[in-house]
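Observations on chain architecture
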Amino acid sequence: MREVDIKKYIKVEKIPGGQLEDSMVLKGVMFNKDVVAPGKMRRKIVNPRIILLDCPVEYKKGENQTNAELMSEEDWKVLLDMEEEYIKNLCVQILKFKPDLVITEKGLSDMAMHYLSKAGVSAIRRLRKTDNNRIAKACGAVIVNRPEELQESDVGTRAGLFEVKKIGDEFFSFIIECKDPKACTVLLRGASKDILNEVERNLQDAMSVARNILKNPKLLPGGGASELTVSATLKQKSSSVEGVEKWPYEAAALAFEAIPRTLLQNCGLNVIRTMTQLQGKHANGENPWVGVDGRTGDIVDMKERKIWDSYSVKAQTFKTAIESACMLLRIDDIVSGIKKKQAPGSGAPKQPQIETGEDADTEQMIPE
């Protein structure tokens, strides 16, 4: 079973402004950060070597509070030199691998910034962990916890371009043109936040459908064709069953017709006439692919119009519907063989009414 995680590795970045047509899927990732020193560091690098860190590139404060008593000015200089030496060592270990871009999830001190910019390396600090994971997937880097443990294999080299662009009032960093990226960002543009949210919801649905198809690559005809076929089969089966046991088959067959019936109502067609036509086509087994085209309301072959449903969703819907019906029937008092004792003077008990064909569609299917 392949794992398809659309939440972790596909980031949807919504930026108000521009047109809906400007939206795109990046062959890489983007995030809302600028380089640490915009004047001194490059904002565009072709084929960058990327190092990802999960540690601060700054002087570590001691865990316990310590007081240092300095007797002379030289001692103070020694302390500062030690701090500088520590940061210099960190930067040397990083620069050994000749990176073009260093990204860390934690802080990055001014001193480290100075050493990195002197070596012509761009740096980005305080990046979200989720973004860092996505960059690692996109450019093939490995997130390193200690600079001294860096190896050549940890450097990401699959990205084609690093660029910082200004969109609206904010700067965004793009790591794009990646070779075979395992994560990506979908950039959505639109006139207002409401439009963006609406587009994002639709996109989420579309990605879920794609994921279901990848996990279980089976399709069924849409437009109510599958339901009508199941309904027709159940009706045939019910005619071969004797006694009371035939009723559940008929009830299920009737229930499956709800989907095509709803589609017809939404199209504004004559529901009864069209349903009869559809049932006729399915009952004689003429063409099990026949269903309703939701846009035009025509009765057509679903294969020709390419209207499909995902098998995994359909199967789950059928299971859930039947399980829910069973659960309702199991609840006391809805199906109970014992008459309730009447309070004195309340008259004869009401007879449960059985629906006729016409009102079988009404909301109240279960007798009071």
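Summary of the structure given here. (Residues numbered from 1 in each chain as written. Predicted model: local features only at pLDDT ≥ 70, side-chain atom pairs only at ≥ 80, totals over all residues. Heavy atoms only, no water.)

Quick notes on the overall build of the protein chain
The helix and strand tally for the protein chain stands at ten helices and 15 strands. Each of the 368 residues in the protein chain was classed as buried or not, and the buried ones make up 34%. When the accessible area of the protein chain is evaluated, it comes to approximately 23800 Å², of which 53% is carbon and sulfur surface. (Helix = DSSP H or I, 4+ residues; strand = E, 2+ residues; numbered from the N terminus. Buried < 20%, exposed > 50% of the residue type's maximum accessible area, 1.4 Å probe, protein only. Areas by Shrake-Rupley, 256 points an atom, 1.4 Å probe, with all protein chains shown as cover.)

Notes on the nonpolar core
Ile 103, Ile 135 and Ile 175 are the most contacted members of the largest nonpolar core, which has 43 residues in total. Mapped onto this core, the elements with two or more residues apiece are β3 (29-31), β5 (50-53), α1 (73-95), β6 (101-104), α2 (110-118), β7 (122-124), α3 (129-139) and β9 (161-167). Once you skip the residues sitting within four places of it in the chain, Ile 175 turns out to touch Lys 27, Gly 28, Val 29, Phe 31, Ile 50, Leu 101, Ile 103, Ile 135, Ala 159, Leu 161 and Phe 162. Membership of the second largest hydrophobic core comes to nine residues, among which are Met 30, Phe 172, Ile 176 and Leu 187. (Core = buried A, V, L, I, M, F, W, Y, C linked by side-chain atoms within 4.5 Å. Contact = heavy atoms within 4.5 Å.)

Topic: the pattern of salt bridges
Across all of its chains, the model carries 22 salt bridges by this definition. Among the ionic pairs, Arg 42 bridges to Asp 100, the shortest N-O distance being 3.3 Å. Linking Arg 42 in the loop between β3 and β4 (44-46) with Asp 100 in the loop between α1 and β6, this pair joins segments that are 58 residues apart in sequence. Its relative accessible area of 38% is what places Arg 42 among the partly exposed residues. Classification of Asp 100 as buried rests on a relative accessible area of 17%. Lys 314 is paired through a salt bridge with Glu 227; the nearest N and O atoms lie 2.9 Å apart. Separated by 87 residues along the polypeptide, Lys 314 in helix α10 (residues 311-330) and Glu 227 in helix α5 (residues 225-239) bring together distant segments of the chain. This pair shows no difference in class: Lys 314 is buried, exactly as Glu 227 is. (Salt bridge = Lys/Arg side-chain N within 4 Å of Asp/Glu carboxyl O.)

What to know about the side chain of Asp 293
Of note, Asp 293 is situated in the loop between β13 (290-292) and β14 (299-301). The buried category is assigned to Asp 293, whose relative accessible area is 3%. With sequence-adjacent residues up to four places away left out, Asp 293 is seen in contact with Cys 267, Asp 298, Val 300, Met 302, Arg 305 and Ile 307.

Some thoughts on the packing of α5 against helix α8 (residues 271-283)
Two elements in contact, α5 and α8, have axes whose closest approach is 9 Å; the angle formed by their N-to-C orientations is 65 degrees. Handedness of the crossing formed by α5 with α8: right-handed. Seen from α5, the contacting residues are Ala 225, Leu 228, Thr 229, Ala 232, Lys 235 and Gln 236; seen from α8, they are Met 275, Leu 278, Gln 279, His 282 and Ala 283. For the contact of α5 with α8, the residue count by class is six nonpolar, four polar and one charged. (Axes fitted to C-alpha atoms, helices over the stretch in contact; angles between N-to-C directions. Left-handed = near helix turned anticlockwise from the far one by under 90°. Nonpolar A, V, L, I, M, F, W, Y, C, P; charged D, E, K, R; others polar.)

Here's the deal with a nonpolar patch on the surface
Residues Leu 70, Trp 76, Val 78, Leu 79, Leu 80 and Met 82 make up a contiguous nonpolar surface patch of roughly 550 Å² in combined accessible area. Owing to a relative accessible area of 46%, Val 78 belongs among the partly exposed residues under this scheme. (Patch = residues over 30% accessible without salt bridge, like charges linked within 9 Å, V, L, I, M, F, W, Y side chains within 5 Å.)

Considering the sheet that holds strand β10 (residues 170-176)
What the four strands build is an open sheet, ordered β3-β10-β9-β4; its pairing is antiparallel. In the strand order of this sheet, the two ends are held by β3 and β4, each with one partner. Averaged over all pairs of adjacent strands, the angle between their axes in this sheet comes to 25 degrees, without regard to strand direction. Both β4 and β9 contribute to a ladder of three bridges, which runs antiparallel. (Pairing = 2+ DSSP bridges.)

Quick notes on unusual backbone geometry
One non-glycine residue, Asn 47, lies in positive phi territory at about 45 degrees. Of note, the phi angle at Arg 126 is positive, near 55 degrees, even though the residue is not glycine.

Keep in mind that these numbers describe shape and distance, not what the molecule does.
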